Amino acid sequence: MRNWNVGIVGGGPGGLMTAYALQKLADKPIRVTLFEASERLGGKILTPRFQRASVQFEAGAAEFYDYSQHDEDPLKMLIAELGLSITRMAGSAVISNGQVLANLDDIRNHLGEKAYQSLIEFDGKARDRMTPQEFHAADYPDGSNQKPDLYRFDSVLAEIQEPSARKYIEDLIHSDLATEPSQTSVAYGLQNYVMNNGKYMDLYSIVGGNEQLPQALAARIDAKVMLKHPVSKVDKSASGRWIVQTNHDGEVQQHEFDFVVIALPHNHLTSVTFSGEKLSQAVREHYDYYHYPAHYLRVTILFDQPFWRDKLTDSFWMLDHFGGCCLYDESSREPESKYGVLGWLLSGSAAEEFSVKDDEQLIGAALDSLPAFLPDGRKHFLEGRVYRWLGAVNAMPGGLVPQRHDRRHQPEPQKHPELFMVGDYMFDSTLNGVLDSANYVAAWIATNISETSEVLS
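The numbers attached to residues start from 1 for each chain and follow its sequence in the written order. pLDDT decides what is reported in this predicted model: residues at 70 or higher carry local features, side-chain atom pairs at 80 or more are listed and counted, and totals for whole chains, interfaces and linings draw on all residues regardless. Values reported for side chains reflect all heavy atoms of the structure, with hydrogen atoms and water molecules removed beforehand.

S.K.: So, the packing of helix 1 (residues 13-25) against helix 9 (residues 212-220): which residues are in play, and what are the values?
M.R.: Angles shown run from 0 to 180 degrees and are taken between the N-to-C directions of axes, each axis being a line fitted to C-alpha atoms and, for helices, limited to the stretch in contact. Strands are runs of DSSP state E lasting at least two residues, helices are runs of H or I lasting at least four, and both sets are numbered from the N terminus onward. Orientation of helix 1 relative to helix 9, taken along the N-to-C sense of each, is 40 degrees, at an axis distance of 9 Å. The orientation of helix 1 with respect to helix 9, classified from their angle, is oblique. Handedness of the crossing formed by helix 1 with helix 9: left-handed. Mapping the contact onto sequence places Leu 16, Met 17, Tyr 20 and Gln 23 in helix 1 and Leu 213, Pro 214, Leu 217, Ala 218 and Arg 220 in helix 9. All amino acids are sorted into three groups, where Ala, Val, Leu, Ile, Met, Phe, Trp, Tyr, Cys and Pro are nonpolar, Asp, Glu, Lys and Arg are charged, and the leftover types, Gly among them, are polar. In the contact of helix 1 with helix 9, the residues fall into 7 nonpolar, 1 polar and 1 charged. By definition in this entry, angles of less than 35 degrees are roughly parallel, angles greater than 145 are roughly antiparallel, angles of 65 to 115 are roughly perpendicular, and the rest are oblique. For any pair of crossing helices, the crossing counts as left-handed if the nearer helix is rotated counterclockwise from the farther one by less than a right angle, and right-handed if it is rotated clockwise. Whether two residues are in contact is decided by their heavy atoms, any of which lying within 4.5 Å being enough.

See below:
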């Protein structure tokens, strides 16, 4: 019986999820080869430890979105299937001008009656325009026939007349957007506002570190994993086989496949040459369709104790610095530890601008941003770490107008139907989206293999 060869380019969540799903769905023998340019699998899911103390923190994806209250949640189901435990994360406060605004009473007391009324009005309009059901079905599996919306989310925020209310919302959602309101769509802006309401979704993380997800996937896939094998070229031979060219320690190697899946982050697609004018142009158009780069930068600091706990007790808060950033209590993930860990998530233009500074400057800027009611940060400082994720997510995930799922995943289906794309950038820039993408492509390839095998037999 023929063994079908599948090459997967990219050892991040998309590549691992595709390999895992394909292994489960294929009813014919397959051989999977997974190429990863770096020394590790997992991509944007990264849980390292400090040097001064063996305390871990999330340097990449910090949380997962829980949609199970509306429908089946494939990501949450996958995590349970892998035997991993989760813990809920919660945070409702914005720290503004040194005040913790955790509810509407705090907003009224510190921002005033006009701001309070403005926020009530905006919240009602936002939830009317984006219901929980619409929020959950926002990936448009059949595509959209709507014309591109020329308006951006800043036009919606401009309707908020009270300046302090508008700034409160900008600080609240900036980290989730990973861009500026003027650079994203009205729909995406509304999604990232309403998601703060528990009726739309919840947040959770994996007990013991989020990197356990890619590690568990890697342990369960039957694949040839080739680390430090950056793919430089993808070509189709005259016989119809796919040739994937890699460069390992200066040695150029070629590998043949029946199907190829490109599971690279959007900002890495241009690192691969696709041979042939038709395919090259199609991949370029695919890249351009989703080319709305958004940025993250993480500064995480280890302290000798969690000195903020008598003031702040949530998993995270929004902070009115760096254009609005998320401040995580990373040590809440390990409540038994004596140490304290805070993580700053800068986003958008602030992440891009600050990324040119060296690590020491960024750590200093993070310490300087601590609110005045936490004056002892530097006294408790032990170590800081910085991770830059420029262009790692999308400001307009799904593009201006969402395409059908098949069109998203095959850049050139006529002469190159065996080449597929997998990525969160085609959905919602979340791990939920990349799993949807991986499952869709794996099912497609498995079906093709099964049907072709029947014909050949």
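S.K.: Kindly report on the sheet that holds strand 8 (residues 223-226), identifying the contributing residues and their values.
M.R.: Here we have 5 strands laid out as an open sheet, ordered 8-2-1-12-19, and parallel in their pairing. One side of each edge strand has no neighbouring strand; the edge strands of this open sheet are strand 8 and strand 19 (419-421). Averaged over all pairs of adjacent strands, the angle between their axes in this sheet comes to 20 degrees, without regard to strand direction. Pairs of strands are assigned from DSSP output, requiring at least two bridges between the strands. Taken together, the 4 bridges between strand 2 (residues 30-35) and strand 8 define a ladder with parallel strand orientation. The partner of Phe 35 across the bridge, within strand 8, is Met 226. Of the strands in this sheet, strand 1 (4-9), strand 2 and strand 12 (259-262) touch helix 1, which is tilted by about 175 degrees from strand 2.

S.K.: Describe the packing of helix 4 (residues 113-129) against helix 8 (residues 186-194), listing the residues and the values that go with them.
M.R.: Packing of helix 4 against helix 8 brings their axes to within 10 Å, and their N-to-C directions diverge by 115 degrees. Judged by the sense of rotation from one axis to the other, the crossing of helix 4 with helix 8 is left-handed. Contact residues: helix 4 offers Phe 122, Asp 123, Ala 126, Arg 127 and Arg 129, while helix 8 offers Val 186, Leu 190, Tyr 193 and Val 194. Here the contact of helix 4 with helix 8 is built from residues that sort into 6 nonpolar, no polar and 3 charged.

S.K.: Could you give an account of helix 9, naming the residues involved and the relevant values?
M.R.: Here's how the labels work: a residue is buried when its accessible area is under 20% of the maximum for its type, exposed when over 50%, partly exposed in between, all with a 1.4 Å probe on protein chains only. Along helix 9, the positions that sit buried rather than exposed are Leu 213, Pro 214, Ala 216 and Leu 217. Along helix 9, the residues classed as buried sweep out an arc of 160 degrees about the axis, all on the same side. Where helix 9 is buried, its residues contact helix 1, strand 3 (64-66), helix 2 (74-81) and strand 7 (202-206). Throughout, the arc means the angular range of directions from the helix axis out to the C-beta atoms.

S.K.: Describe the sheet that holds strand 9 (residues 231-236), with residues and values.
M.R.: Read from one edge of the open sheet, 4 strands run 11-10-9-13, paired in mixed fashion. Looking at which strands have only one partner, the edges of the open sheet turn out to be strand 11 (251-257) and strand 13 (273-274). Where strand 10 (residues 242-248) meets strand 11, 7 bridges bridge the pair, whose relative direction is antiparallel. Looking at strand 11, one finds that Trp 242 is bridged to Phe 257.

S.K.: So, the environment of Tyr 65: which residues are in play, and what are the values?
M.R.: In this structure, Tyr 65 sits in strand 3. Its relative accessible area of 14% is what places Tyr 65 among the buried residues. Note: C-alpha distance between Tyr 65 and Lys 76 (11 residues apart in sequence) is 8.5 Å. Beyond its immediate stretch of four places on either side in the chain, Tyr 65 contacts Asp 73, Asp 176, Met 195, Met 201, Asp 202, Leu 203, Tyr 204, Thr 430 and Asn 432.

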